[in-house]
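Fold and contact review
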Amino acid sequence: MFDTMTITKIVGGVCGTLLVFLLGNWAGDLLYETGYGEHGAEEHAQGYLIETASAEGDGAEAEGPSFEEVFASADAGAGERVFNKCKACHKVDGTNATGPHLDGVVNRAVDSVDGFSYSGALEEHFDVWTPEHLDTFLTNPRSAAPGTKMTFAGLPKVEDRANVIAYLDSLSN
């Protein structure tokens, strides 16, 4: 079935393929010189510098208005639109869903809705849902209260948090 010529062709094909890959590797190394190896990185100037925070860090986050300033001018109508993200688990009509109802939540005691089974993690970190506590919690619920049942990723924009809290506060009044 296999004669000498067929075996020679197979071995030649494998060797030819290996040669093509080796030449491709050599050509790629020539085209995309990384600067490391025998020349060393110190001979090459850096093209640009990306500014990053210092290793020690001063604890300051990106500058911007404080929550209190944003909350003072918050728009409850915009908060109602942002609250659509919350409607998957929360209601504002006084009935519980996956999460407890949120009508009257502003300045309400934490874990105080009757008929809802809380994890207990919230009471360890907060006592009353003040606008500031709600802001901290809504930024990232999992890091603000580790062990909470709430799986929501959070609202990264301070404006969205302030608007939602203003909307929830308008439901209390």
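Residues numbered from 1 in each chain as written. Predicted model: local features only at pLDDT ≥ 70, side-chain atom pairs only at ≥ 80, totals over all residues. Heavy atoms only, no water.

- The chain carries the name Cytochrome c family protein in an unreviewed UniProt entry, which gives Pseudooceanicola sediminis as its organism.
- Per its UniProt entry, the chain bears the Subcellular location (unreviewed entry) comment "Cell membrane". (UniProt positions renumbered as here; feature names shortened; annotations may be inferred.)

1. What about the nonpolar core?
- Counting 25 residues, the largest nonpolar core has F126, W129, F137 and L168 as its most contacted members.
- Sorting the residues of this core by element identifies α2 (67-72), α4 (131-139) and α6 (158-172) as the ones contributing at least two each.
- Here the element with the most residues in this core is α6; it accounts for six residues.
- If we ignore the near neighbours within four places in the chain, the residues touching L168 are F83, V92, L102, V105 and V106. (Core = buried A, V, L, I, M, F, W, Y, C linked by side-chain atoms within 4.5 Å. Buried < 20%, exposed > 50% of the residue type's maximum accessible area, 1.4 Å probe, protein only. Helix = DSSP H or I, 4+ residues; strand = E, 2+ residues; numbered from the N terminus. Contact = heavy atoms within 4.5 Å.)

2. Things to note about the pattern of salt bridges
- In this structure the tally under the stated criterion is one salt bridge.
- For R161, the salt bridge is made with D135, and the minimal N-O distance between the two is 2.5 Å. With R161 in helix α6 and D135 in helix α4, the pair connects residues that are 26 residues apart, well separated along the chain.
- D135 sits in the buried class, given a relative accessible area of 11%. (Salt bridge = Lys/Arg side-chain N within 4 Å of Asp/Glu carboxyl O.)

3. Observations concerning α4
- Residues of α4 that are buried: P131, L134, D135, F137 and L138.
- Against the buried residues of α4 lie α2, α5 (141-144) and α6.

4. A look at the packing of α4 against α6
- For the pair α4 and α6, the least separation of the axes is 10 Å and the interaxial angle reads 130°. When the axes of α4 and α6 are compared, the pair comes out oblique. Of the two elements, α4 crosses α6, and the hand of that crossing is right-handed. Residues P131, L134, D135, L138 and T139 of α4 form the contact with α6, whose own contacting residues are V158, R161, V164 and I165.
- Each residue belonging to the contact of α4 with α6 can be placed in one class, and the counts come to six nonpolar, one polar and two charged. (Axes fitted to C-alpha atoms, helices over the stretch in contact; angles between N-to-C directions. Parallel < 35°, antiparallel > 145°, perpendicular 65-115°, else oblique. Left-handed = near helix turned anticlockwise from the far one by under 90°. Nonpolar A, V, L, I, M, F, W, Y, C, P; charged D, E, K, R; others polar.)

5. Some words on the side chain of R108
- The topology assignment puts R108 in the loop between α3 (76-82) and α4.
- Within the buried set, R108 has no salt-bridge partner at all; the shortest N-O distance to an opposite charge, 5.2 Å, is to D103.
- Discounting chain neighbours no more than four positions away, the residues touching R108 are H101, L102, D103, V113, V128 and W129. (Lys, Arg positive; Asp, Glu negative; His and termini not counted.)

6. With respect to the packing of aromatic side chains
- Applying the stated criterion across every chain yields a total of six aromatic pairs.
- Here the aromatic rings of W129 and F137 are separated by 5.3 Å at their centres, their planes lie at 50°, and the arrangement is tilted.
- Judged by its relative accessible area of 8%, W129 falls in the buried class.
- Judged by its relative accessible area of 6%, F137 falls in the buried class.
- Each member of the aromatic cluster is reached from another via a ring pair, and the members are F126, W129 and F137. (Phe/Tyr/Trp six-rings, centres within 6.5 Å; stacked < 30°, edge-to-face > 60°.)

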